[in-house]
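# Tertiary structure, described
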Amino acid sequence: MKKIVIAIDGHSSCGKSTTAKLVAKELGYGYIDTGAMYRAVTLYFLNHFIDVNDDHGIKLALENIEISFKHNPKTGRNETFLNGLNVEDEIRKMYVTEKVSEVSVIPAVRHAMVKEQQRMGRKRGVVMDGRDIGTTVFPDAEVKVFMTADTYTRAKRRQQELFAKNEMVDLDDIIENLKKRDHIDSNRAESPLRQAPDAEMLDTSFMAIDEQVDFVLEKVATKV
Ligand code: C5P
């Protein structure tokens, strides 16, 4: 069967990664969480005190950053590695989330990540989730879905994820962070968060995960 690229873009916490993972599993495809890559770069910048305005420091840092994903059969998760170190839990913490959109604005960071994502998906047969997959990374993706949901629903989902990891964060703080990230992600000059003209819009505010997965799989069925 023909292998395709499935691009799932949209706002934070609308179920993109959960949907993308399940679609990948169903199809036997690879799954690439591009947000995790920007989070890993952010963690590196924080750990090495790299200023977002220090062009030289950023260039050197990018030369020293290697990001990979490995499936962990014990947790059933695809985990993120930064220079060989498992950073899957660390990159999801609030102190990284608060900084990630500022780092993702930097053109040099975007160029490096987009290039790497294109390399990872070159053989196709991948589901990639992010903000600019259908517009910039794989504008020729056969299936493109743009997910959104109302802010309150997204914040509640995010809070439950954080609670499950024993991170107690106030709902108002999460709402503020989501709005701030949406604003920065949508207004940056380099590959801003946008619905590609040929992407299907999916509002997940009142949808269950299996309905979201079925929606994507139905689109896939028309392309393979
Ligand atoms: O998907 P997730 O919420 O983990 O992404 C974290 C941040 O990474 C986003 O808010 C955005 O700033 C950035 N990002 C991006 N482009 C992508 C994926 C994520 O700029 N393709």
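One can find the structure itself at the top, above this paragraph.
Basis of the calculations
Residues numbered from 1 in each chain as written. Predicted model: local features only at pLDDT ≥ 70, side-chain atom pairs only at ≥ 80, totals over all residues. Heavy atoms only, no water. Pairing = 2+ DSSP bridges. Helix = DSSP H or I, 4+ residues; strand = E, 2+ residues; numbered from the N terminus. Axes fitted to C-alpha atoms, helices over the stretch in contact; angles between N-to-C directions. Contact = heavy atoms within 4.5 Å. 1 Å grid on protein atoms, 1.4 Å probe; cavity = no way out; pocket = protein on both sides within 12 Å on 5 of 7 lines; lining within 4 Å. Points joined across faces, edges and corners; volume = space filled by probe spheres on them. Core = buried A, V, L, I, M, F, W, Y, C linked by side-chain atoms within 4.5 Å. Buried < 20%, exposed > 50% of the residue type's maximum accessible area, 1.4 Å probe, protein only. Near = heavy atom within 4 Å. Polar contact = N/O pair within 3.5 Å; in protein donor to acceptor, adjacent residues only side chain to side chain. Areas by Shrake-Rupley, 256 points an atom, 1.4 Å probe, with all protein chains shown as cover. Sits in = over half its atoms within 2 Å of the grid points. Nonpolar A, V, L, I, M, F, W, Y, C, P; charged D, E, K, R; others polar. Salt bridge = Lys/Arg side-chain N within 4 Å of Asp/Glu carboxyl O.

## Quick notes on the sheet that holds strand S1 (residues 5-10)
- Spatially, S2-S6-S1-S7-S8 is the arrangement adopted by the five strands of the open sheet, whose pairing is parallel. Looking along the sheet, the strands with just one partner apiece sit at the ends: strand S2 (30-33) and strand S8 (200-203). Neighbouring strand axes in the sheet, compared pairwise and without regard to direction, differ in orientation by 20° on average.
- Taken together, the four bridges between S2 and strand S6 (residues 126-130) define a ladder with parallel strand orientation. Each bridged residue has a counterpart across the sheet, and for Tyr31 the counterpart in S6 is Val127.
- Running over the sheet, helix H2 (residues 34-47) touches S2 and S6 and is turned about 40° from S2.

## Details of the layout of surface pockets
- Considered as a void within the structure, the largest pocket measures approximately 920 Å³ in volume.
- Sort the elements by how many residues they give to the lining of the largest pocket and helix H1 (residues 16-27) lands first, with five residues.
- The space that makes up the second largest pocket amounts to roughly 240 Å³.
- Elements with a minimum of two residues in the lining of the second largest pocket: H1, S2 and strand S4 (77-82).
- Ranked by residue count, the leading element in the lining of the second largest pocket is H1, at four residues.

## Observations concerning the nonpolar core
- Counting residues in each nonpolar core, the largest one holds 34 residues, and the members touching the most others are Val41, Phe45, Ile65, Ile67, Leu82 and Val109.
- Breaking this core down by element, the ones donating at least two residues are S1, H2, helix H3 (55-63), helix H4 (94-104), helix H5 (107-120), S6 and helix H6 (133-137).
- Counting residues per element, this core draws most heavily on H2, which supplies eight residues.
- Those residues within four positions of Ile67 in sequence are excluded, and the remaining contacts are Met37, Ala40, Val41, Thr80, Phe81, Leu82, Met113, Glu116 and Met120.

## A word on the site of the ligand
- With respect to spatial proximity, 14 residues lie near the ligand, and among them Arg39, Arg110, Asp132, Asp185 and Arg188 are the closest.
- In this structure, an oxygen atom belonging to the ligand sits 3.0 Å away from a side-chain N or O atom of Ser101.
- Between the ligand and the protein, one listed contact pairs an oxygen atom with a side-chain N or O atom of Ser104 at 3.5 Å.
- For the ligand, whose free accessible area comes to 460 Å², the fraction covered by protein is 95%.
- According to the grid-proximity analysis, the pocket containing the ligand is the largest pocket.
- For the shell around the ligand, the leading source of residues is H2, giving four residues.
- Taken together, the residues of the shell around the ligand break down into two nonpolar, five polar and seven charged.

## Overview of empty space enclosed by the protein
- A full pass over the atoms with the stated rule returns one cavity of 30 Å³ or more.
- Counted as a void, the largest cavity has a volume near 30 Å³.
- Looking at the lining of the largest cavity element by element, the count peaks at three residues for strand S7 (residues 143-148).
- Taken together, the residues that form the lining of the largest cavity break down as four nonpolar, two polar and three charged.

## Structural notes on the pattern of salt bridges
- Counting across every chain of the model gives 17 salt bridges.
- A salt bridge links Glu79 to Arg77, with the nearest nitrogen and oxygen atoms 3.0 Å apart.
- Glu79 sits in the buried class, given a relative accessible area of 3%.
- With a relative accessible area of 30%, Arg77 lands in the partly exposed category.
- As a salt-bridge pair, Arg110 and Asp132 come within 2.9 Å of each other at their nearest N and O atoms. With Arg110 in helix H5 and Asp132 in the loop between S6 and H6, the pair connects residues that are 22 residues apart, well separated along the chain.
- A relative accessible area of 2% means that Arg110 is categorised as buried.

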